[in-house]
Amino acid sequence: MASQDWIEKDFYKILGVSKDVSDADLKKAYRKLAKEFHPDRNPGDAKAEARFKDISEAYDVLSDANQRKEYDAIRAMGGGARFTSGGQGAGFEDVFSNLFGGGFQNQGFPGFGGFGGFGPQRGSDLTTSSTINFIDSIHGTQLKLTVHGETVNVKVPAGIQDGQKLKVKGKGQPSPNGGSAGDLVVTIKVKPHPVFTRDGENLRVTVPITITEAILGATISVPTLGAEPVKLKVAPGTPNGRTLRVKGRGVQLPSKQGDLLATVEIAVPAHVSDKAKKLLEQFAAELPDEDPRADLLLRAGLL
């Protein structure tokens, strides 16, 4: 996983923590930032998306004890060096030669594994991405990926969010000299759903209702994700935009079950007959003589 990013990016600064941060505080800081900058909360915001990726990258490294140790060691050696995993640019041996004048092949140097005389080197991580359906992101699924000609099963937990990463230990690049293999890191991408959206542990859906249903009340059918529709009671006088809650039909998380939030949207008919217009006029004449915009104009300073 070591790369030029490890030299150029201060992962501690990205997460807003100190270098001696505990694992618990590191996770707390990550969750707070990931929630704030997640693409679902910032649709179309490229800066927020880039920030979310930096936050995820920083946490992936610092939350892994081995990678954090390597990252701290590399950063301590100073900038200007390039680190790659089998690509172009200088590797670890080049860096130590540049820093100390060469001759490191047979010298022991504790704390750094994987080059010259420093002991077995951990294989580099492999990174890939996989796209899943919205319903699979809510209920969980299993992916089958081919790595080095081998089928690797990746369990996707229920409630995973777009952009989250899964790590499969030991399924990355093999070590070049007898060390442990790297990991397989899979970034999960979630396809949008045509009806449902996600709001934390809850699901949201917009449900059209008629003017008559809004005024008089009604019992309507509301779709649920991957299950039969449920009946929902709309109270008389329900305003446009009111959100009704269906318990337990949201995202299934290990610690809790989210709800389905159904927002009603009054559908205004595009065409009304002359008879219907007359009836509406009679209806309007029976309503109290009130201006629904009076309070709005008052607060705007126009009255």
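Right above here is the structure, for reference.
**Concerning the side chain of Thr-238**
Here is step 1 of the chain: Mapped onto the elements of the fold, Thr-238 is located in the loop between β9 (227–234) and β10 (243–246).
Here is step 2 of the chain: Reaching out from Thr-238, the side chain makes a polar contact with the backbone oxygen of Ala-235 at a distance of 2.5 Å.
Here is step 3 of the chain: If we ignore the near neighbours within four places in the chain, the residues touching Thr-238 are Ala-214, Val-264 and Ile-266.

**As for helix α5 (residues 65–76)**
Here is step 1 of the chain: Over its 12 residues, α5 runs 16 Å from end to end, which matches the ideal 16 Å to within 8%, given 1.5 Å per residue.
Here is step 2 of the chain: Of all the positions in α5, only Gln-67, Arg-68, Tyr-71, Ala-73 and Ile-74 are classed as buried.

**Some details on the environment of Ala-29**
Here is step 1 of the chain: As for its placement among the helices and strands, Ala-29 is situated in helix α3 (residues 23–37).
Here is step 2 of the chain: Among all residues touching Ala-29, those that are not within four sequence positions of it are Leu-15 and Val-17.

**Topic: the pattern of salt bridges**
As a working rule, side chains carrying opposite charge can pair if their charged atoms are close by.
Here is step 1 of the chain: Taken as a whole, this structure holds 15 salt bridges when the rule is applied.
Here is step 2 of the chain: Put simply, Lys-165 and Asp-60 hold a salt bridge, and the shortest N to O gap is 3.5 Å. Placement of the pair is Lys-165 in strand β4 (residues 165–168) and Asp-60 in helix α4 (residues 46–62), with a sequence separation of 105 residues.
Here is step 3 of the chain: For Arg-122, the salt bridge identified is with Asp-125, shortest N-O distance 2.9 Å. One exposure class covers both Arg-122 and Asp-125, and it is buried.
Here is step 4 of the chain: Connected via shared salt-bridge partners are Asp-64, Arg-122, Asp-125, Lys-167, Lys-169 and Asp-183.

Reading the values: the criteria
Residues numbered from 1 in each chain as written. Predicted model: local features only at pLDDT ≥ 70, side-chain atom pairs only at ≥ 80, totals over all residues. Heavy atoms only, no water. Helix = DSSP H or I, 4+ residues; strand = E, 2+ residues; numbered from the N terminus. Polar contact = N/O pair within 3.5 Å; in protein donor to acceptor, adjacent residues only side chain to side chain. Contact = heavy atoms within 4.5 Å. Expected span 1.5 Å × (residues − 1). Buried < 20%, exposed > 50% of the residue type's maximum accessible area, 1.4 Å probe, protein only. Salt bridge = Lys/Arg side-chain N within 4 Å of Asp/Glu carboxyl O.

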